[in-house]
Amino acid sequence: MKKTKIIILIIFMLSAVMTVISMRPSEKNIVEVVQDGKIIYTFDLLTAENQTIKIPSPDGNSSNTVTISDGKICMSDSECPDKICVKSGFLKSESIPVVCLPNRLVIRFGNEVN
Ligand SMILES: [Zn+2]
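Let me sum up the structure you'll find in this document. (Residues numbered from 1 in each chain as written. Predicted model: local features only at pLDDT ≥ 70, side-chain atom pairs only at ≥ 80, totals over all residues.)

**Comments concerning the environment of Ile68**
Residue position: Ile68 is located in strand 4 (residues 63-69). The class of Ile68 is buried, set by 20 C-beta atoms lying within 10 Å. (Helix = DSSP H or I, 4+ residues; strand = E, 2+ residues; numbered from the N terminus. Buried ≥ 20, exposed ≤ 12 C-beta atoms within 10 Å, placed from the backbone.)

This is how it looks when you write it as structure tokens:
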């Protein structure tokens, strides 16, 4: 093989690797449940047991249900009008948190526990 072909091949492989790295799910295992800007729960998904938590909304008129199942977390149910949070499914990415705007509730990957 000529040198230029090898260089092109290396560049191609590097860009493929970069694509895989940027697309892979978060390796973080600390998640935070944030209501109204305050962290109300922190979980380590590696050790958290399967559980379901009902979280009342700040005004008390609505609620969200957060479920941890086999090391994954999602908003499994909500009394909010749009249900976008439920449709988002399991939390996968650091850049895309699960958000319930009407109830001001967010599930996101967080930093290590202090
Ligand atoms: Zn919602």
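We are not done yet, so read on.
**Quick notes on the pairing of strand 3 (residues 51-56)**
A regular strand carries its side chains on alternate faces of the sheet. Little of strand 3 sits out of view: just zero of its six residues are buried. For strand 3 and strand 4, the ladder comprises six bridges, and the chain directions are antiparallel. Within strand 4, the position partnered with Thr52 by the bridge is Thr67. The turn linking strand 3 back onto strand 4 is made up of six residues, and Gly60 within it adopts a positive phi angle of 80°. (Pairing = 2+ DSSP bridges.)

**What about the environment of Pro97?**
Locating Pro97 in the fold gives a position in the loop between helix 2 (84-87) and strand 6 (98-100). By the C-beta count within 10 Å, which is 16 here, Pro97 ends up partly exposed. Considered as a pair, Pro97 and Phe109 are 12 residues apart in the sequence and their alpha carbons are 7.4 Å apart. What Pro97 contacts, discounting residues up to four positions off in sequence, is Leu91, Val106, Ile107 and Arg108. (Contact = placed C-beta atoms within 7 Å.)

**Looking at the sheet that holds strand 3**
The strand order across the open sheet formed by three strands is 3-4-5, and the pairing between neighbours is antiparallel. The sheet is open, and its two edges are formed by strand 3 and strand 5 (72-78), each paired on a single side. Adjacent strand axes in the sheet meet at a mean angle of 25° when their direction is disregarded. (Axes fitted to C-alpha atoms, helices over the stretch in contact; angles between N-to-C directions.)

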